Amino acid sequence: MSERPILVLDEGTTSTRAMLYAPDGRRLGMAQADLSQYYPRPGWVEHDAAEIWDRTLACARDMVALAGGADRVAAIGITNQRETVVAWDRRTGEPLAPAIVWQDRRTADHCAALREAGKEEAIQRRTGLVIDPYFSATKMRWLLDHAPAVAAAGSALAFGTVESWLMWKLTGGLHVSDASNASRTQLMALDAADWDRGLCDLFGVPPHALPEIVDNIGPFGETQDQWFGRPIPIRGLMGDQQAATIGQACLTPGDAKATLGTGAFVLAHMGSSVPVSRHRLLGTLLCRLPGETSYALEGSLFVAGSLIQWLRDELRLIATAEESEAMARSVPDSGGVAMLPALAGLGAPHWRADARGAIHGLTLGTKRAHIVRAALESLSHQLHDLAGAFAADGMPWRALCIDGGMSANDWIAQDLADILQLRVDRPADVETTARGAAMLAAVGAGLFPSLAEAAGAMGAERRSFAPALPDDVRGERLGRWQALLASA
Ligand code: ADP
């Protein structure tokens, strides 16, 4: 009899998915449902937590049926959009307010006040995070101040990120959050890996409302019979970017991955040392196992794939995102055109919210293809700046593993290798987030003794891109980018 598969619940921002993985890493099936996005005011982004649960359950049931029933599933692994806050009532198990999504900026004033009060350095030292509405703590406080049902719930109030909410529903009342998700709330001290009383006081979040912080590999309980007929053990929990790092088999210090989607997220494994960036990167918990905690440095770009969407939908220079590749190859270089993709300010390591984008070097000889090529080149330059910040923080990348929708573009993969002067590896299956959650759950289910062995058995095949650009051409590109940055 073949070994039982792992069920992964991958709860993203725009969709929720359930996937089934065989212990040899093959993906056996996937069910997907879109999630409604609510934008009640400029800068506000909400989800309906009840919908997240309903749609996740429906997708999970499809995959359990595909496996042949709950008895045929070895374990569940959950991975999720991080930082998003759900508030629910412990008595009823029902949401008390709309979930506030990670992109939501409504707590900008609260964050500015904390920064003005001089709190940032101490908070960054404790949590690895800069003060920003992105993280969960100010979202929780906002709900206490503005959502009447949350304010009135008293000791029945439960807060959690999305994996915590799904755990509560699946198990019928277990209130836990894994350490990787907890590290994004800004309420957890990185070194203690527990809620920090001082931070809870500072942000005004009552500790009694918070979940218990657990490791990334369990046992964490099992699903109630009513969901799948029979219980299924839940063995892996992890936030999406950390799970992608594990799914890329970035398991030793210096291993780095970049997820190139709408934005880009780079995480580098830091081993067991608690990261404190001096170059405006984020320190975060990567994975907590019994007696062994690893950390990562993280840098994010706000604009990556969204630049390609903009070329397609606004400038109409390309008809599809895929066409950008053929267009970039149709010219030998960008014809002297350079693009600063600061369409939403500049993220790490520059953190220039005010910066505006620019296209420089136009002549009558400039073709569409030159502009498209300059746009693609700008991704490599942004990642090169990030690479510099990681190196300055003591963690130079040895190679870069890429995934996400944009990584399908071979021209981009090669250009990254050329500009970073590093080997760039791309797995055949770029769904590395779900694969990471499958690896965690497989270890939790006892199928493998360690993540390294799970990665060996379940890791996808890779294609490598090696640097090939002549030094003088590379130098010229880097020089042009620096000039453009300086003028921004
Ligand atoms: P997310 O998870 O953030 O929704 P995905 O990982 O699905 O994003 O990636 C989608 C993004 O990748 C889109 O912004 C799209 O423009 C870009 N993209 C997809 N295919 C390509 C391609 N072949 N070349 C360049 N960009 C691409």
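All values reported here derive from a predicted model rather than from experimental measurement. (Residues numbered from 1 in each chain as written. Predicted model: local features only at pLDDT ≥ 70, side-chain atom pairs only at ≥ 80, totals over all residues. Heavy atoms only, no water.)

1. Structural notes on the sheet that holds strand 17 (residues 292-301)
With mixed pairing, seven strands are arranged side by side in an open sheet as 16-17-15-14-20-21-22. Every other strand in the sheet has two partners, leaving strand 16 (282-289) and strand 22 (462-465) as the edge strands with one partner each. Here the average twist between neighbouring strands, direction ignored, is 25°. The pairing of strand 21 (residues 423-427) with strand 22 spans four bridges and is classified as antiparallel. Bridged to arginine 426 within strand 22 is arginine 463. Sitting on the sheet, helix 13 (residues 368-392) touches strand 14 (256-260), strand 15 (264-269) and strand 17, and the angle it makes with strand 17 is about 140°. (Pairing = 2+ DSSP bridges. Helix = DSSP H or I, 4+ residues; strand = E, 2+ residues; numbered from the N terminus. Axes fitted to C-alpha atoms, helices over the stretch in contact; angles between N-to-C directions. Contact = heavy atoms within 4.5 Å.)

2. Observations concerning the packing of helix 14 (residues 410-420) against helix 17 (residues 471-487)
Running from N to C, helix 14 and helix 17 point in directions that differ by 90°, and their axes come no closer than 10 Å. One way to sum up the angle between helix 14 and helix 17 is to call them roughly perpendicular. Of helix 17, the residues touching helix 14 (which contributes Asp415, Asp418, Ile419 and Leu420) are Arg474, Arg477 and Leu478. Grouping the constituent residues of the contact of helix 14 with helix 17 by class yields three nonpolar, no polar and four charged. (Parallel < 35°, antiparallel > 145°, perpendicular 65-115°, else oblique. Nonpolar A, V, L, I, M, F, W, Y, C, P; charged D, E, K, R; others polar.)

3. Digging into the pairing of strand 17
Counting buried positions along strand 17 yields eight of ten residues, so the element is predominantly enclosed. One ladder, built from six bridges, connects strand 15 with strand 17; its direction is antiparallel. Looking at strand 17, one finds that alanine 264 is bridged to leucine 301. Relative to strand 17, strand 16 is paired through seven bridges, and the arrangement is antiparallel. Pairing of glycine 283 across the sheet is with leucine 297, part of strand 17. Adjacent in sequence and paired antiparallel, strand 16 and strand 17 are bridged by two residues, among which glycine 291 carries a positive phi angle near 70°. (Buried < 20%, exposed > 50% of the residue type's maximum accessible area, 1.4 Å probe, protein only.)

4. Re the sheet that holds strand 5 (residues 75-80)
Overall, mixed pairing links the five strands, which are arranged 3-2-1-5-13 in an open sheet. Of all strands in the sheet, those with a lone pairing partner are strand 3 (27-34) and strand 13 (234-239), marking the two edges. Neighbour-to-neighbour, the strand axes of this sheet turn through a mean angle of 15°, independent of strand direction. Alignment of strand 5 against strand 13, held across five bridges, turns out to be parallel. By the bridge assignment, isoleucine 78 is partnered in strand 13 with leucine 237.

5. Quick word on the side chain of glutamate 11
One can find glutamate 11 in strand 1 (residues 6-11). The side chain of glutamate 11 sits in the buried core without any salt bridge; arginine 55 is the nearest counter-charge, 9.6 Å away. Other than its neighbours up to four places away in sequence, glutamate 11 contacts Thr16, Leu35, Ile52, Thr56, Thr79, Asn80, Gln81, Val162 and Leu166. (Lys, Arg positive; Asp, Glu negative; His and termini not counted. Salt bridge = Lys/Arg side-chain N within 4 Å of Asp/Glu carboxyl O.)

6. Some remarks on the pairing of strand 1
The two faces of the sheet receive side chains in turn, since in a regular strand these alternate between them. Extensive coverage of strand 1 is indicated by the burial of six of its six residues. On strand 1, burial covers both faces: Ile6, Val8 and Asp10 on one face and Leu7, Leu9 and Glu11 on the other are all buried. Pairing analysis gives six bridges linking strand 1 to strand 5, with the strands arranged parallel. From the neighbouring strand, isoleucine 6 faces strand 5, where its bridge partner is alanine 75. Pairing of strand 1 with strand 2 (residues 15-21), which is carried by six bridges, proceeds in the antiparallel orientation. Opposite glutamate 11, over in strand 2, you have threonine 16 as the bridge partner. Where strand 1 folds back onto strand 2 in an antiparallel hairpin, the turn is made up of three residues.

7. Points about the UniProt feature "domain: Carbohydrate kinase FGGY N-terminal" (unreviewed entry) in the protein
As annotated in UniProt, the feature "domain: Carbohydrate kinase FGGY N-terminal" (unreviewed entry) corresponds to residues 6-247 in the numbering used here. For residues 6-247, the helix share is 35%, the strand share is 23%, and the end-to-end C-alpha distance is 14 Å. (UniProt positions renumbered as here; feature names shortened; annotations may be inferred.)

8. Notes on the site of the ligand
Near the ligand, the surroundings consist of 13 residues, among which Thr262, Gly305, Gln309, Gly405 and Asn409 are the closest. The contact in question runs from a nitrogen atom of the ligand to an N or O atom on the side chain of asparagine 409, over 3.1 Å. Considered on its own, the ligand offers 580 Å² of accessible surface; in the complex 69% of this is hidden by protein. A per-element tally of the shell around the ligand places helix 11 (residues 305-313) first, with four residues. Tallied by class, the residues present in the shell around the ligand amount to three nonpolar, nine polar and one charged. (Near = heavy atom within 4 Å. Polar contact = N/O pair within 3.5 Å; in protein donor to acceptor, adjacent residues only side chain to side chain. Areas by Shrake-Rupley, 256 points an atom, 1.4 Å probe, with all protein chains shown as cover.)

9. Here we look at the state of the cysteines
Applying the stated criterion across every chain yields a total of zero disulfides. Cysteine cysteine 250 shares no disulfide, and the gap to the nearest cysteine sulfur, in cysteine 401, comes to 4.0 Å. On the basis of relative accessible area, cysteine 250 is assigned to the buried category, the value being 1%. This cysteine, cysteine 287, is not joined by any disulfide, and cysteine 250 carries the nearest cysteine sulfur, 13 Å off. Residue classification places cysteine 287 among the buried positions, given a relative accessible area of 3%. (Disulfide = S-S within 2.5 Å.)

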